Amino acid sequence: MNPVLFLIFTFLCSRGGLDFPLAAGISTIGSGEELNSSSLLESDGGNFTLGFFTIPQTDYTYLGICYTNDEQRRKVWVANPNTPLNNNVTAALTIDNTTGILKITSGGNTVLNISNQQAVNPTARIEDSGNLVLTDGTEKQSLWQSFDNPTNTLLPGMKLGFNTATGQNWNLTSWISDYVPASGAFTLGWEPTQDSGQLVVYRRGERYWTSGPLKDQSFEYLYDPWTLYYYNFSVVSNNDEKYLTFSSINVSLWMWELTPNGEIVDDANARTYGPGYGFCYGYESVPPFCVTSELPQCRSSNDKFEEKRASFLPTIATSEYEENTSLSLSDCMERCWNDCNCVAFTVNSIGTGCITWRGKLEYQEDNPDVSKSYVLVRGSSSKGEEKKRRKEYLQELIPTDSFNNVHHIDNDGTEVVPLFMRYSGYMSPEYAMEGTFSEKSDVFSFGVLILEIISGRRNTSFYDVDNRPLNLIGYAWELWKEGTALELKDPTLGDSCAENELLRIIHVGLLCVQEGATDRPIMSDVISMLNNETMVLPAPTRPAFFTGRNVPRTVMSSERKPQDCSTNNLTTSIIEPR
C-alpha cells in the first residue's frame, strides 16, 4: 500500500474531526484479531478506509468508514452512532474467538455487538465498494454487511427499499446534527408504485416530503438534467424485494447524504434536494415537495422561519432552553410551529437541545452581538406590517432609553431622530449609515455628551491638528494618544474637578464613542465605571467620525483652537464616516 495515502487519510478522512491513526494497510481481520485505535483497514483498491475517529465538538469516539481521498472528511457509515465511546478509553473492533460475532470492545468489555449471528472462523473485510462484510470461514457465506445496515449515506450498489420475505428494510437515517451521529429525526425510504416508485422522507415516522415518481432516470420534483450524466438508477420489483439502486457514471466520491434537516445532499456534485427554506410547514409548496397537513390555527399559508440575527427584549419575549440531546433542529422547529406563543427558536453549539422565544413578534434585526436564530416571518406581512413590528419594538425600547425625550416613532414605523441629533454629532455610525439601532447607539450619544460637558464645546466644533480638520471626538482622541487629555478641560471649570476624576470621565467618554458597537460598554457598565474609581477600565480604540470633512479651510485656525463652522451664529456640520 502507498504510505502517502495513509498520511492523506490521517488528515482528511473525517467530518468534524475524524482522526484515524496511521498503521499498516490491511483490508481484513480474522477471528480473535482486532482493529484498535492505532490501526485501520483499507480496501484492496484503496477506495475506502475503516477506523476509529473522534468528533472534537463532543469528544466522543466512533468506528466509521470514509472515502480514503475525500478532502471534505465525510463519513459514509458509522458502526456505533447511538453508542459513542469516551475519547479517553481504549477501543477495538474484534471478532469474538468463541462466537464469531463482530463487536466493539473497550478495555476487554463488549460495548456493542455489530453482528448477531454466530459463525466459525469468520473474517471481516472492507471492500472497494465501501461495504464491510462479515463472511463465514467454512461456507464462505455472507453473515452480515454494512450495506444492510445503512446510516445516513447511500453509496453506489446499496439498496433503498425492503425485502418482504426476510423483513429487511434498507432505509437511511439522519444524524441528530452535524456533530452528533445518533439517529436523528429523518429517514429516507423507497415507496414502490405500479410502474416505478418515489423517494419518501419521513420525520419521526410521518411523511414529510416526496421526490415524485422516477421516470426516464429523473424524479418528478427533483428534476435535474445532469442526473442523466451522473447516475444510472435501477428499480427492482418482485415477489420478495422492492428497492431502488444505482451506479455512478464518471463520478468519484459519489454519495447521497440525508442531512439532519431532512434534505438529500448529493455530495459529489454539490446539489441539495428537498423542501425550500429548509423546512416543510404543511402547506402546499411549488414545486410540491412537502406533504400537506393541517396547519395550527395560529399559522397561515406561507408563514415560515428565517435565519436572522435577532434580539428580543426580555419584556417582549422570554427565552427558554431545554437541554435534551435527542432534540434536533427540526424538533425545535416543530415545537415552535405548533406553539402559538413561540416566535423564534434555535439549538445549542452542537446542534441539539431547544432554545425558544415566546412572546410578541417584535425584535431588533441584524444585531452583531447575538447568534443567529430562526425567527417567524408572517407570509401575509406587507411592508406596512413589517414597519408596524419595528415601531412596536422601538416603542418598547425607547422608554428605557437615555434619550427618550428626543426619539420619535413616525406612523409608518420609521424611527425619526430630531435634526439636532442627526446633524450635531450624536448619532452613532451604525445608525447613520446602516439604520441599525441598539442600546449601543445610545451609549455613543452619551459618550458625545460626556466629552461636550468636559470641554464646554459641541462635537461640531472643529480643530485643526497637523493640517487635519477634527471634530471634538477626533480632537479628544488625539490628546488622549499624546497623553495630554487634560487639555480638553473647559477652562471655566477651574480647579473644581480633580485631575484623576477628569481623566477617568474622559476615558469613559472615549470608550462610549468607539467606532465598533460591540466595543462600547453597555449603559449599566458606563454607570459603574463612573461611580467606581477602583474599577479597571479597558483601553479605548479609535472613535467613530474621527475626521470632519468638507470643512472650508478659511474657517480653520492654524492653532489647536476650536472654531464654530458658521457665519450666522448657527452651528452646522456635515458628518461623514472616515
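Residues numbered from 1 in each chain as written. Predicted model: local features only at pLDDT ≥ 70, side-chain atom pairs only at ≥ 80, totals over all residues. Heavy atoms only, no water.

Under the Subcellular location (unreviewed entry) heading, UniProt states for the protein chain: "Membrane". (UniProt positions renumbered as here; feature names shortened; annotations may be inferred.)

Colleague: Would you mind showing me how to read the overall build of the protein chain here?
Modeller: Each helix and strand in the protein chain was counted, giving 10 helices and 36 strands. For the protein chain, buried positions account for 49% of its 578 residues. Of all intrachain contacts in the protein chain linking residues separated by at least 6 positions in sequence, the fraction that spans at least 24 positions is 55%. Summed over all atoms, the accessible surface of the protein chain reaches about 27300 Å², with 47% contributed by carbon and sulfur. (Helix = DSSP H or I, 4+ residues; strand = E, 2+ residues; numbered from the N terminus. Buried < 20%, exposed > 50% of the residue type's maximum accessible area, 1.4 Å probe, protein only. Contact = heavy atoms within 4.5 Å. Areas by Shrake-Rupley, 256 points an atom, 1.4 Å probe, with all protein chains shown as cover.)

Colleague: I keep staring at the sheet that holds strand 27 (residues 271-273) and nothing clicks. Help me out?
Modeller: Sheet strands pair by backbone hydrogen bonding; their relative direction is either parallel or antiparallel. Taking strand neighbours across the sheet as the criterion, the 4 strands line up as 14-25-26-27 in an open arrangement whose pairing is antiparallel. The sheet is open, and its two edges are formed by strand 14 (153-154) and strand 27, each paired on a single side. The pairing of strand 25 (residues 256-258) with strand 26 (residues 264-266) spans 3 bridges and is antiparallel. Bridge pairing in strand 26 places Leu258 opposite Ile264. (Pairing = 2+ DSSP bridges.)

Colleague: Is there a simple way to explain the environment of Thr318 in this structure?
Modeller: Mapped onto the elements, Thr318 comes out in strand 29 (residues 317-322). Among the residues examined, Thr318 registers a relative accessible area of 43% and is labelled partly exposed. Distance from Thr318 to Lys360, taken between C-alpha atoms, is 9.3 Å for residues 42 residues apart in sequence.

Colleague: What's the story with the sheet that holds strand 30 (residues 342-346) in this structure? I'm lost.
Modeller: In space, the 5 strands of this open sheet follow the order 28-32-30-31-29, with antiparallel pairing throughout. With partners counted over all chains shown, the strands left at the sheet margins are strand 28 (304-308) and strand 29, one partner each. Ignoring which end each strand starts from, the neighbouring axes of this sheet average 25° apart. Sheet analysis places strand 30 next to strand 31 (residues 354-359), joined by 4 bridges and oriented antiparallel. In the sheet register, Cys342 faces strand 31, and the bridge partner there is Arg358. Lying over the sheet, helix 3 (residues 329-338) contacts strand 28, strand 29, strand 30, strand 31 and strand 32 (373-377), oriented at roughly 175° with respect to strand 30. (Axes fitted to C-alpha atoms, helices over the stretch in contact; angles between N-to-C directions.)

Colleague: So what exactly am I meant to see when it comes to unusual backbone geometry here?
Modeller: A negative phi angle characterises most non-glycine residues, just as the trans form characterises most peptide bonds. Look at Asp59: it is not a glycine, yet its phi comes out positive at around 65°. Here Asp59 lies in the loop between strand 4 (48-55) and strand 5 (60-67). For Asn302, which is not a glycine, the phi torsion comes out positive at approximately 80°. Mapped onto the fold, Asn302 is located in the loop between strand 27 and strand 28. Asn302 sits in the partly exposed class, given a relative accessible area of 46%.

Colleague: I would appreciate a short explanation of the pattern of salt bridges in the present structure.
Modeller: A side chain of one charge can pair with a side chain of the opposite charge if their charged atoms are brought near each other. For the structure shown, the criterion picks out 15 salt bridges. For the salt bridge of Arg125 with Asp44, the shortest nitrogen-to-oxygen distance reads 2.7 Å. In this pair, Arg125 sits in strand 11 (residues 123-126) while Asp44 sits in the loop between strand 3 (41-42) and strand 4, placing the two residues 81 residues apart along the sequence. Judged by relative accessible area, which is 58%, Asp44 ranks as exposed. Here Glu306 makes a salt bridge to Lys304, at a shortest N to O gap of 3.2 Å. For Lys304, a relative accessible area of 14% puts it in the buried group. (Salt bridge = Lys/Arg side-chain N within 4 Å of Asp/Glu carboxyl O.)

Colleague: Whenever I open this one, the environment of Tyr431 confuses me. Can you help?
Modeller: The topology assignment puts Tyr431 in helix 6 (residues 429-434). For Tyr431, a relative accessible area of 13% puts it in the buried group. Sequence spacing of Tyr431 and Ser441 is 10 residues, and the spatial spacing of their C-alpha atoms is 7.1 Å.

Colleague: Just to check I follow, could you spell out the packing of helix 7 (residues 439-455) against helix 8 (residues 472-482) for this structure?
Modeller: The packing of two helices is summarised by the inter-axis angle and the distance between the axes. Contact geometry for helix 7 and helix 8: axes closest at 10 Å, N-to-C directions at 70°. Judged on the interaxial angle alone, helix 8 and helix 7 are roughly perpendicular. Here Phe444, Val448, Leu451, Glu452 and Ser455 of helix 7 come into contact with helix 8, specifically with Leu472, Ile473 and Ala476. In terms of residue class, the contact of helix 7 with helix 8 is made up of 6 nonpolar, 1 polar and 1 charged. (Parallel < 35°, antiparallel > 145°, perpendicular 65-115°, else oblique. Nonpolar A, V, L, I, M, F, W, Y, C, P; charged D, E, K, R; others polar.)

Colleague: I'm lost on the state of the cysteines in this one. Help?
Modeller: Note on terminology: disulfide describes a covalent bond linking the sulfur atoms of two cysteines. The final tally for this structure, using the stated rule, is 4 disulfides. Disulfide pairing places Cys298 opposite Cys340 at an S-S distance of 2.2 Å. Taking the torsion about the sulfur-sulfur bond, which here is approximately -85°, the covalent link between Cys298 and Cys340 counts as left-handed. With Cys298 in the loop between strand 27 and strand 28 and Cys340 in the loop between helix 3 and strand 30, this residue pair connects regions lying 42 residues apart in the sequence. Looking at Cys298, the relative accessible area reads 21%, which means it is partly exposed. The class of Cys340 is partly exposed, set by a relative accessible area of 44%. (Disulfide = S-S within 2.5 Å.)

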